Amino acid sequence: MKKVLITGANKGIGFEMARQLARKGYYIYMGTRDLKNGSEAVKKLQEEGINSVEAIQLDVTDAGSVMSAREQIGRKTDVLDILINNAGINGIEFEGDKPLMHTALGTGIAKYKEVYEVNVFGVIRTTQAFIDLLQKSPEPRIVNVSSSQGSLTLHSDPSYKYYHAKGAVYQSSKSALNMYTIALAFELRDTNFKVNAVSPPSTATDFNHHLGTSSVEVGAEHILRYAIMDNDGPTGRFFCLDNNPESGEIPW
Ligand code: NAP
């Protein structure tokens, strides 16, 4: 049975990915910042008859927590096949249903640090901690859950549907994550690793006060396509099926 670690799997798209992968016959370590929430998420899946899941405390901003998760998982398995770096925040406050946009001139460094700590440094920390277990898989996959809004090319195009949504903090964190993905894929280019950045469509979750337009089922399915592909699949690329329904690939 192939083993998967998903960060931020206690709710939202991460939770739904755990459900869909478990139904396909994978074993899922569900990373969760708060173990109580993770245990409740596991219980919910167990009530649906899904038993190949377990919660692992994992706060991607906390080196001790990531190390402890690595040790726990290492005691349970010698091999990890798939890492989905899903945990993410946008740091946006809402006024009713209206998101308060982070501007390039008006938003202080503390907000950038808060968001980058999860979306960028958290991914690097988790990837480096689990790389040795992934290297033992014959078909290792890393999916960095990004956002099409991190695309520099799209955001420079006035016809892009989110052209006017220039949230300087979240978007730039995903651009940084994208470059990390390129560097990581390059470093692993002569191996069986497939490393890609994948954006779900706009998905209704707590992340956006449920204002997203797709369901978690669709969002999870889009991302998982790049987690379970075979050795012919692409690496070092950026995908968002919502922006390009044909090939899925979008520009960096
Ligand atoms: P969500 O429902 O808010 O879930 C986010 C998950 O990340 C939660 O499990 C949360 O845990 C976890 N998380 C936050 N900080 C963490 C930390 N320090 N350590 C570990 N886990 C942490 O959001 P979502 O919509 O499912 O988003 C999942 C991913 O998709 C994110 O990377 C997001 O940027 C990306 N994305 C979402 C959309 C969208 O429309 N929803 C669009 C493009 C990209 P807690 O419950 O403990 O907070």
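Cut-offs and rules
Residues numbered from 1 in each chain as written. Predicted model: local features only at pLDDT ≥ 70, side-chain atom pairs only at ≥ 80, totals over all residues. Heavy atoms only, no water. Helix = DSSP H or I, 4+ residues; strand = E, 2+ residues; numbered from the N terminus. Rg over C-alpha atoms; globule rule 2.2 N^0.38 Å. Buried < 20%, exposed > 50% of the residue type's maximum accessible area, 1.4 Å probe, protein only. Areas by Shrake-Rupley, 256 points an atom, 1.4 Å probe, with all protein chains shown as cover. Lys, Arg positive; Asp, Glu negative; His and termini not counted. Charge placed at Lys NZ, Arg CZ, Asp CG, Glu CD. pLDDT = per-residue confidence, 0-100. 1 Å grid on protein atoms, 1.4 Å probe; cavity = no way out; pocket = protein on both sides within 12 Å on 5 of 7 lines; lining within 4 Å. Points joined across faces, edges and corners; volume = space filled by probe spheres on them. Nonpolar A, V, L, I, M, F, W, Y, C, P; charged D, E, K, R; others polar. Salt bridge = Lys/Arg side-chain N within 4 Å of Asp/Glu carboxyl O. Near = heavy atom within 4 Å. Polar contact = N/O pair within 3.5 Å; in protein donor to acceptor, adjacent residues only side chain to side chain. Core = buried A, V, L, I, M, F, W, Y, C linked by side-chain atoms within 4.5 Å. Contact = heavy atoms within 4.5 Å. Phe/Tyr/Trp six-rings, centres within 6.5 Å; stacked < 30°, edge-to-face > 60°. Lys NZ or Arg CZ within 6 Å of the ring centre and 35° of its normal. Pairing = 2+ DSSP bridges. Axes fitted to C-alpha atoms, helices over the stretch in contact; angles between N-to-C directions.

1. Considering the overall build of the protein chain
Now for step 1: Secondary structure assignment for the protein chain yields 7 helices and 9 strands.
Now for step 2: Its C-alpha atoms give the protein chain a radius of gyration of 17 Å, near enough to 18 Å, the size a compact globule of 252 residues would have.
Now for step 3: Within the span of the protein chain, comprising 252 residues, buried residues form 53% of the whole.
Now for step 4: For the protein chain, the exposed surface amounts to about 11600 Å²; the carbon and sulfur share of it is 52%.
Now for step 5: For the protein chain, the distance from the average site of its 26 positive side-chain charges to the average site of its 29 negative ones is 1 Å.

2. Structural notes on the confidence of the model for the protein chain
Now for step 1: In this model, the protein chain carries an average pLDDT of 96, and 100% of its residues clear a pLDDT of 70 or more.
Now for step 2: Here strand β6 (residues 98-99) stands out as the element of the protein chain with the lowest mean pLDDT, 86, in contrast to strand β4 (residues 82-85), whose mean of 99 is the highest.

3. A short note on the layout of surface pockets
Which parts of space are left empty comes out when a probe the size of a water molecule is rolled across the atoms.
Now for step 1: Approximately 200 Å³ is the volume found for the second largest pocket.
Now for step 2: Asn10, Lys11, Gly12, Phe15 and Lys44 are the residues nearest the centre of the second largest pocket, which is lined by 13 residues in total.
Now for step 3: Elements represented by at least two residues in the lining of the second largest pocket include exactly α1 (12-23) and α2 (35-47).
Now for step 4: In the lining of the second largest pocket, the residues fall into 4 nonpolar, 4 polar and 5 charged.

4. Some words on the pattern of salt bridges
Now for step 1: Taken as a whole and assessed by the stated rule, the structure comprises 14 salt bridges.
Now for step 2: Across the salt bridge formed by Lys43 and Glu47, the nearest N and O atoms sit 3.8 Å from each other. Of this pair, Lys43 and Glu47 both sit in helix α2, 4 residues apart, which is roughly one turn of that helix. Across this residue pair, the class does not change: Lys43 and Glu47 are exposed.

5. A word on the site of the ligand
Now for step 1: Every one of the 28 residues lining the ligand counts as a neighbour, but Arg33, Asn86, Tyr170, Thr203 and Thr205 are closest to it.
Now for step 2: Here Asn10 contributes a side-chain N or O atom positioned 2.8 Å from an oxygen atom of the ligand.
Now for step 3: Between the ligand and Asp59, the relevant distance is 2.9 Å, taken from a nitrogen atom to a side-chain nitrogen or oxygen of the residue.
Now for step 4: Against a free-state accessible area of 900 Å², the protein chains account for coverage of 93% of the ligand.
Now for step 5: For the shell around the ligand, the secondary-structure elements that each account for two or more residues are α1 and α6 (168-187).
Now for step 6: A class-by-class count of the residues in the shell around the ligand yields 11 nonpolar, 12 polar and 5 charged.

6. Notes on the nonpolar core
Now for step 1: Within the largest apolar cluster, 31 residues are counted, with the highest numbers of intra-cluster contacts made by Ile6, Met17, Ile28, Met30 and Ile84.
Now for step 2: Where this core is concerned, the elements lending two or more residues are β1 (3-6), α1, β2 (27-32), α2, β4, β7 (141-145) and α7 (216-224).
Now for step 3: If you tally residues by element for this core, the top one is α1, at 6 residues.
Now for step 4: Excluding residues within four positions of it along the chain, Ile6 makes contact with Gly14, Met17, Ala18, Leu21, Ile28, Tyr29, Met30, Gly31, Ile84 and Asn86.
Now for step 5: Counting 27 residues, the second-largest nonpolar core is a separate cluster that includes Tyr27, Leu58, Leu134 and Ile142.

7. Considering the packing of aromatic side chains
Now for step 1: For the coordinates displayed, the defined rule picks out 6 aromatic pairs.
Now for step 2: Judged by centre distance (5.7 Å) and plane angle (85°), the ring pair of Tyr160 and Tyr162 falls under edge-to-face.
Now for step 3: Residue classification places Tyr160 among the buried positions, given a relative accessible area of 7%.
Now for step 4: One cation-aromatic arrangement involves Arg189 over Phe186; the distance from NZ or CZ to the ring centre is 3.9 Å.

8. Observations regarding the side chain of Thr126
Now for step 1: Within the element layout of this structure, Thr126 appears in helix α4 (residues 109-134).
Now for step 2: Ignoring sequence-local partners within four residues, the contact set of Thr126 consists of Thr7, Leu58, Val60, Val66, Leu83 and Asn85.

9. A closer look at the sheet that holds β4
Now for step 1: The strand order β3-β2-β1-β4-β7-β8-β9 describes an open sheet built from 7 strands, whose pairing is parallel. Of all strands in the sheet, those bounded by a partner on one side alone are β3 (53-57) and β9 (238-239).
Now for step 2: Relative to β3, β2 is paired through 5 bridges, and the arrangement is parallel. By the bridge assignment for β3, Gly31 is matched with Ile56.
Now for step 3: Most of the contacts of helix α3 (residues 63-76) go to β3, to which it runs at about 145°, and overall it touches β1, β2 and β3.

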